[in-house]
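Each chain, letter by letter, is given below.
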Amino acid sequence: MTTFYVTTPIYYANSLPHLGHLYTMIVADTIARAKRQRGIETLFLTGTDEHGINIERAAQKAGRTPQEQADYVVSYYKKMTAAFGLDGEHGGYDIFMRTTEPFHYQGVSEFWRRVAKAKTPKGNDAIYKGHYEGWFCAACAAYKTEDEYQKPKSEGAAPTCLIHDTALDRVSEESYFFRLSDYDDALLSLYDGRPDFVRPESRNNEVMSFVRGGLQDLSVSRLRTSVSWGVPVPDDPDHTMYVWFDALINYITAIGFGNEERERTFGFEKYWPALHLVGKDILRFHAVYWPAFLMAAGVELPSAIMAHGMWLDPTGRKMSKTIGNTVELDVLNRHFSVDAIRYFCLREMVFGQDGRFGYEALIDRANSDLASGLGNLSSRTLTMISRYCEGQVPSGHIPEEKLLLAKRTGVDTDETTVVGFIEHARDQFLQHFENFAFSRALEVAWSVVARVDKMISDAKPWDLAKDENQKQTLGAVLYRAAESLRWLCVLLYPVMPEASRSIWSQLGLTQSPASIDPGQLKWGDLVEGESIGEVKPIFPRIDKAKTMAEIENDSQPRGVHLTEADAVPGAATQAELKPPPPMKHATEADAVAGAEGLTTFIEIGDFSKVDLRAGEVLSAERVPKADKLLLLKIDIGEEKPRQVLAGIAQYYEPEKLIGRKVVVVANLKPRKLRGFESQGMVVAASFGEEGRPVIATFTEDVPNGARLK
Ligand code: MSP
């Protein structure tokens, strides 16, 4: 095979990306670089999924058109992919696909027409018109069966999505159906005949048992009156294609299916089939629906579908915007080098399984494996070559007459030992890499780092340097270390392109590690007598306490979403972009424009009408049949604690609030909620698309009942 095509999912253009989205791009980028190193013509596709009700809704909420919403998110993606070295400029993706591009419409329409004419393996029409009624999750863009939703807690309410915890929509309308139920046998024989089609194996088993459980036909259109933001069904513009139908087809329209010009530029014939990298949450769409669609359209199936696990937070919860525990890309980018992030993602998550991400864990790994590990090995080796060998690569050869002398210092005079070790490590590394076992591959690479480090520490070059008779022994030790580093640069290039390039040029090498096939590495290609480059630190140590404090500070919610606003100059209003005027005194309310940049002023007298008090939460419990409410008892220095209902149950565990200092609006007219009287209000900031609350508190001691003014 001389060409290779790898894809990430295309990301919904309704919200800004986080670590979960970045991860698949890092994996795809790593694989693409590894293929390119071997001289394989490689195409790497990523992009955005821009249709569907979810994007329509997000746009509406943000006061934009769906196209503006998509443009806005895409501009952020482009900015971030560049910052993380994943774009074309940095040797990353070849195509950033957008499903709103006209060539995609053209290709998708061609695909639909083919499927509409096709017969299923059981001889029926692949597409038919019917009527659909069911619960639809806008966030998943999928209908939900009974085992995929949470039954409503109160009568008349809608069930909620198990993934998103949001209410489902009842949908009942005319729809085109794809006769998926006729593809069960064809799919099962596909999985049987190609055990590597869906990987890892555990996921393959899941997919097979899902198909064995029986397939239901799939509604593949919605009436334009309900969902207009999508590709119209050819010859029936009253229908809009189901967003997943158009999204999956992006993998072939991007490279020229249904569009000659794109075919000429990229080459569907040349590159298809692809390796699809997907999160396990969207495996069914790729491993069941997509092959069935392709069978119907008479298009070759993908080469394989690899499903990775989910990034969880340090406590094991899935990252989600609703919980507010996602890792924001701009925060990550500001505090860590791209290579440290790439290394962490690939080392920490066993591909296929879930992994936990925490800033502290990232700092620990960066300090131990990178700063003290590879970085230290590189700088000590190069510094010693510069100090003891006049900055020139020494000879790795110990002459006959010096062998005994060398042996006495404990240095292994037989070079084949180290060569055998590193060759074996290289083979293992590549084998793990081929199997997507990046974490194990990196473990192997670090066994080389440890071994070479130990060789240096045992040989004590600083002592050898004192004895002129040991000059060759010293040279051999440093040569072995430098040559091992050269090998490591080639092996690690796909994972850490920048660091590998840097060590490479510090070794005085010219050709890039980006184009050296690791399988062809030969011991001894580092040329004796060549000058090394300037020695520079590669992975500076990270001060954990300082960085954690900076991240904490950086992650604080702000009234204005600066990171979002600067994604698209001009997309946000001037008022949003303008920072609030400086405050003279925090209590001088009349000097302050609102956090949103509003310029409606109030008199100090207006403000003093609000009786704000410091209080302490004495108890907190959930309110039966009300998902959002917590019932709090708060001591605000009065005889009896206040009973306050707060709509924060989705974000705060009740027991964690006990003892917390809060700010209470004490003169709010009491009102009844769900049968309980609420005697005040807890003050909280509200931010993000979901209006996530963050309770206001004090960092210094304050007595209960103290007035805020
Ligand atoms: N638009 C669809 C994909 C269509 S592909 C034809 C979609 N988009 S998504 O933006 O919701 O998700 C894209 C990818 O991000 C999925 O593979 C998903 O698994 C991944 N991740 C989102 N959150 C994640 C984590 N917390 N961890 C790891 N990956 C996760 O689905």
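Residues numbered from 1 in each chain as written. Predicted model: local features only at pLDDT ≥ 70, side-chain atom pairs only at ≥ 80, totals over all residues. Heavy atoms only, no water.

## Topic: the site of the ligand
Contacts to the ligand come from 22 residues, most closely from Ile10, Asp49, Gly279, Asp281 and Trp311. The contact in question runs from an oxygen atom of the ligand to an N or O atom on the side chain of Asp281, over 2.5 Å. Here Trp311 contributes a backbone N or O atom positioned 2.8 Å from a nitrogen atom of the ligand. With the chains in place, 94% of the 670 Å² that the ligand exposes on its own is no longer accessible. When residues of the shell around the ligand are traced back to their parent elements, those giving at least two are strand S1 (3–12), helix H1 (19–37), helix H7 (243–253) and strand S14 (275–279). (Near = heavy atom within 4 Å. Polar contact = N/O pair within 3.5 Å; in protein donor to acceptor, adjacent residues only side chain to side chain. Areas by Shrake-Rupley, 256 points an atom, 1.4 Å probe, with all protein chains shown as cover. Helix = DSSP H or I, 4+ residues; strand = E, 2+ residues; numbered from the N terminus.)

## What to know about empty space enclosed by the protein
Evaluation of the coordinates by the stated rule reveals 3 cavities of 30 Å³ or more. Gly52, Ile53, Phe136, Ala138, Ala141, Arg222, Val227, Thr240, Met241, Tyr242 and Val243 are the residues that line the largest cavity. Partitioned by chemical class, the residues of the lining of the largest cavity number 8 nonpolar, 2 polar and 1 charged. (1 Å grid on protein atoms, 1.4 Å probe; cavity = no way out; pocket = protein on both sides within 12 Å on 5 of 7 lines; lining within 4 Å. Points joined across faces, edges and corners; volume = space filled by probe spheres on them. Nonpolar A, V, L, I, M, F, W, Y, C, P; charged D, E, K, R; others polar.)

## Section: unusual backbone geometry
In this chain, Arg199 is followed by Pro200 through a cis amide linkage whose omega measures -5°. With respect to the helices and strands, Pro200 occurs in the loop between strand S9 (198–199) and helix H6 (201–212). Trp272 connects to Pro273 through a cis peptide bond whose omega is 10°. Secondary-structure assignment places Pro273 in the loop between helix H9 (268–271) and S14. At Asp235, a residue that is not glycine, the phi angle is positive and equals roughly 65°.

## Some thoughts on the layout of surface pockets
Using a probe with the size of a water molecule, rolled over the atoms, empty space left in the structure can be pinpointed. Estimates place the volume of the second largest pocket at around 380 Å³. Taken together, 21 residues form the lining of the second largest pocket, with Phe4, Lys35, Leu275, Glu434 and Phe436 sitting closest to its centre. Secondary structure elements with two or more residues in the lining of the second largest pocket: S1, H1, strand S15 (304–308) and helix H15 (415–434). The class makeup of the residues in the lining of the second largest pocket is 14 nonpolar, 1 polar and 6 charged.

## Some remarks on helix H2 (residues 53–62)
Among all positions in H2, only Ile53, Asn54, Ile55, Ala58 and Ala59 are buried. Where H2 is buried, its residues meet strand S2 (41–49), helix H3 (66–83) and strand S4 (127–137). In the segment just after H2, Gly63 is the residue with positive phi, at about 70°. (Buried < 20%, exposed > 50% of the residue type's maximum accessible area, 1.4 Å probe, protein only. Contact = heavy atoms within 4.5 Å.)

## Some thoughts on the pairing of S14
Taken across its 5 residues, S14 has 5 buried, putting it largely inside the fold. Burial of the side chains of S14 extends over both faces: Leu275, Leu277 and Gly279 are buried on one face and His276 and Val278 on the other. Where S1 meets S14, 2 bridges bridge the pair, whose relative direction is parallel. In the strand pairing of S14, Val6 is matched with Leu275. Looking at chain direction, S14 and S15 are connected through 5 bridges and run parallel. By the bridge assignment for S15, Leu277 is matched with Met306. (Pairing = 2+ DSSP bridges.)

## Let's talk about the confidence of the model for the protein chain
Here the protein chain averages 89 in pLDDT, and 92% of its residues register 70 or above. Low confidence marks residues 558–600, where pLDDT is under 50. Its contacts with residues over four positions away, or in another chain, come to 33 contacts. (pLDDT = per-residue confidence, 0-100.)

## Thoughts on the nonpolar core
The biggest cluster of nonpolar side chains holds 114 residues, and the ones touching the most others in it are Leu277, Leu332, Phe357, Leu374, Phe429, Trp446 and Met496. It is helix H18 (residues 471–492) that contributes the most residues to this core, 13 residues altogether. Leu332 has contacts with Leu19, Leu22, Phe84, Val327, Ile341, Phe357, Tyr359 and Leu362, leaving out every residue within four places of it along the chain. Leu45, Val211, Leu218 and Phe245 belong to the second-largest nonpolar core, a separate cluster that totals 82 residues. (Core = buried A, V, L, I, M, F, W, Y, C linked by side-chain atoms within 4.5 Å.)

## Comments concerning the sheet that holds strand S3 (residues 95–98)
Strand order in the open sheet made by the 6 strands is S3-S2-S1-S14-S15-S9, with parallel pairing throughout. The sheet terminates laterally at S3 and S9, the two strands that pair on one side only.

## Looking at the environment of Ile604
Of note, Ile604 is situated in helix H23 (residues 604–608). With 105 residues separating them in the primary sequence, Ile604 and Lys709 have C-alpha atoms 9.7 Å apart.

## A closer look at the packing of helix H5 (residues 184–193) against helix H10 (residues 283–297)
The geometry of H5 relative to H10 is characterised by a closest axis approach of 10 Å and an angle of 110° between their N-to-C directions. As summarised for this structure, H5 and H10 are arranged roughly perpendicular, according to the angle between their axes. Contacts between H5 and H10 involve Ala186, Leu187, Leu190 and Tyr191 from the first element and Ala287, Val288, Pro291, Ala292 and Met295 from the second. For the contact of H5 with H10, the class distribution of residues is 9 nonpolar, no polar and no charged. (Axes fitted to C-alpha atoms, helices over the stretch in contact; angles between N-to-C directions. Parallel < 35°, antiparallel > 145°, perpendicular 65-115°, else oblique.)

## Details of the sheet that holds strand S11 (residues 221–223)
Ordered in space as S11-S13-S12, the 3 strands form an open sheet in which the pairing is antiparallel. The outermost strands of the open sheet, each flanked by one partner alone, are S11 and strand S12 (232–233). Note: S12 against strand S13 (residues 236–241), 2 bridges, orientation antiparallel. Bridged to Val233 within S13 is Asp236. Helix H4 (residues 102–117) contacts S11, S12 and S13 of the sheet and is inclined by roughly 100° relative to S13.

## Details of the state of the cysteines
Within this structure, the stated rule accounts for 0 disulfides. Among the cysteines around Cys137, which has no disulfide bond, Cys140 carries the closest sulfur, lying 3.7 Å off. A residue is classified by how much of its surface remains accessible, and Cys137, at 1% relative accessible area, is buried. (Disulfide = S-S within 2.5 Å.)

## Quick word on the packing of aromatic side chains
In this description, a pair of aromatic rings is defined by centroid distance and the angle of the planes. Here the structure, examined in full by the defined rule, presents 34 aromatic pairs. Between Tyr132 and Phe177, the ring centres sit 5.8 Å apart and the planes meet at 35°, which makes this aromatic pair tilted. Of this pair, Tyr132 sits in strand S4 while Phe177 sits in strand S8 (residues 169–178), placing them 45 residues apart in sequence. Given a relative accessible area of 18%, Tyr132 falls into the buried group. Given the relative accessible area of 6%, Phe177 is considered buried. Judged by centre distance (6.2 Å) and plane angle (55°), the rings of Trp487 and Trp523 are tilted. Taken as a pair, Trp487 in helix H18 and Trp523 in the loop between helix H19 (497–506) and helix H20 (544–554) lie far apart in primary sequence, 36 residues in all. Over the ring of Phe4 we find Lys35; its NZ or CZ atom is 4.7 Å from the centre of that ring. (Phe/Tyr/Trp six-rings, centres within 6.5 Å; stacked < 30°, edge-to-face > 60°. Lys NZ or Arg CZ within 6 Å of the ring centre and 35° of its normal.)

## Observations concerning the pattern of salt bridges
Overall, the coordinates contain 40 salt bridges when judged by the stated rule. Arg33 is paired through a salt bridge with Asp29; the nearest N and O atoms lie 2.7 Å apart. Taken together, the residues Arg33 and Asp29, both in helix H1 and 4 residues apart, mark about one turn of the helix. Accessibility assignment for this pair places Arg33 and Asp29 in one class, buried. The shortest N-O distance in the salt bridge between Arg501 and Glu498 comes to 3.0 Å. Taken as a pair, Arg501 and Glu498 lie in helix H19 at a separation of 3 residues, close to a single helical turn. What makes Arg501 partly exposed here is its relative accessible area of 32%. (Salt bridge = Lys/Arg side-chain N within 4 Å of Asp/Glu carboxyl O.)

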